[in-house]
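Structural description and commentary
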Amino acid sequence: MTDITRKTALITGAGSGIGRALALCLTREGAARVILTDVNREGLEETADQVRKAGGTAETFLLDVSDKDGVYDFAETVAREFGGADIVINNAGVAQVAGVDELTYDDFEWVMNIDFWGMVYGTKAFLPQLQQKGAGHIVNVSSLFGIIAAPRQAAYNSAKFAIRGFTEALAHEMRETAIRVSSVHPGGIKTNIVRNARFLQSTSSSERQEAASNFDKIARTSPAKAAEIIVRGIQKDRRRILIGMDARLIDLLQRLFPAGYGFIFKKGLLGPGD
């Protein structure tokens, strides 16, 4: 069991959505402090204000998780000023909507650099701190689309499948230690990930709005509920944390039809993006 009480928890992508909800949930569970990062200063400070109003201690840092040197410098700051992190949640992520034949390498690299490499940098920069403490918990946020692949989401799928593979490998490596590792797979969460996604330049504003509206229809879980499930999973040392009935059903469907689950997209039962 991972005890959150009096621990230092670090969250990337904490300026909104699941990251903000995690900061508040961890505070309610007794974390000594939450260290919050994002590229959005306004959102970051709003999260910190909410944590402080809830009686918690929040530290904020502007951080681009795709900047390897920046992440390692940040890890050194956390070690020096706060004695290192106990719980590391690599949550920052972006999405890209485009078919493979339309997807540019720049956009592909943008997704991979933030979603995948940002997670790798965050894990490797902070893992030595947990090893020095002799215990801790690393949480990497993958996706429902780290379990199944969705059309027009090749870059996002690639990053989220890679997060899952990396995290599961790390969990095996840490099996004989007191460091726990969790892979998180949210289903439809009511966040702005689709509204903030990159689309083809030729995509009209009405088409973007339609994509966001369609996502809203299938996003059944609130960020607060998602955070509660993640925190409970951390406390119970769950290696895979599924969020939402849709994620649980899709996980089962993939097991039953590992090569044939694509019918759910043809029938319009699931749209792109999580």
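Located above this text is the structure these notes cover.
Here the structure is a predicted model, which is why all the values come from computation and not from measurement.

Quick look at empty space enclosed by the protein
Evaluation of the coordinates by the stated rule reveals one cavity of 30 Å³ or more. Taken as a whole, the largest cavity encloses approximately 40 Å³ of empty space. The wall of the largest cavity is formed by Leu 10, Thr 12, Leu 63, Val 65, Val 71, Asn 90, Gly 118, Gly 122 and Phe 126. Of all the elements, helix α4 (residues 105–133) adds the most residues to the lining of the largest cavity, at three residues. Along the lines of polarity and charge, the residues of the lining of the largest cavity split into five nonpolar, four polar and no charged.

Details of the pattern of salt bridges
Counted under the stated rule, the structure contains nine salt bridges. Here Glu 168 and Arg 240 are joined by a salt bridge, their closest N and O atoms 3.1 Å apart. Linking Glu 168 in helix α5 (residues 154–173) with Arg 240 in strand β9 (residues 240–243), this pair joins segments that are 72 residues apart in sequence.

What about the packing of aromatic side chains?
Applying the stated rule across the entire model yields six aromatic pairs. Centroid distance Phe 61 to Phe 82: 6.4 Å. Interplanar angle 80°. Geometry classified as edge-to-face. Linking Phe 61 in strand β3 (residues 58–62) with Phe 82 in helix α3 (residues 68–82), this pair joins segments that are 21 residues apart in sequence. Relative accessible area serves as the criterion here: at 15%, Phe 82 is assigned to the buried category.

What counts, and at which threshold
- The numbering scheme is per chain: residues are counted from 1 as the chain's sequence reads.
- Reporting in this predicted model follows two pLDDT cut-offs: at least 70 for local features of residues, and 80 or more for side-chain atom pairs to be given and counted; totals over whole chains, interfaces and linings ignore these cut-offs and use all residues.
- Only hydrogens and water are set aside; all other atoms, that is, all heavy atoms of the structure, feed into the side-chain values.
- Lining residues are defined by having an atom within 4 Å of a point belonging to a cavity or pocket. Those points lie on a 1 Å grid over the protein atoms alone, cavities being sets where a 1.4 Å probe fits but cannot get out and pockets being open sets with protein on both sides within 12 Å along at least five of seven lines.
- Grid points are joined across faces, edges and corners, and a volume is the space filled by probe spheres set on the points.
- The way it works is that DSSP assigns letters per residue, a run of H or I at least four long becomes a helix, a run of E at least two long becomes a strand, and they are numbered from the N terminus.
- Here the nonpolar group is Ala, Val, Leu, Ile, Met, Phe, Trp, Tyr, Cys and Pro; Asp, Glu, Lys and Arg are the charged ones; every other residue, Gly included, is treated as polar.
- Salt bridges are defined as contacts in which a side-chain nitrogen from Lys or Arg sits within 4 Å of a carboxyl oxygen from Asp or Glu.
- Stacked, tilted and edge-to-face pairs are distinguished by plane angle, under 30 degrees for stacked and over 60 for edge-to-face with tilted covering the rest, among Phe, Tyr and Trp rings (Trp via its six-membered ring) whose centres lie within 6.5 Å.
- Buried means the residue's accessible area, taken with a 1.4 Å probe over protein chains only, is under 20% of the maximum for its type, while exposed means over 50%, and partly exposed covers the values in between.

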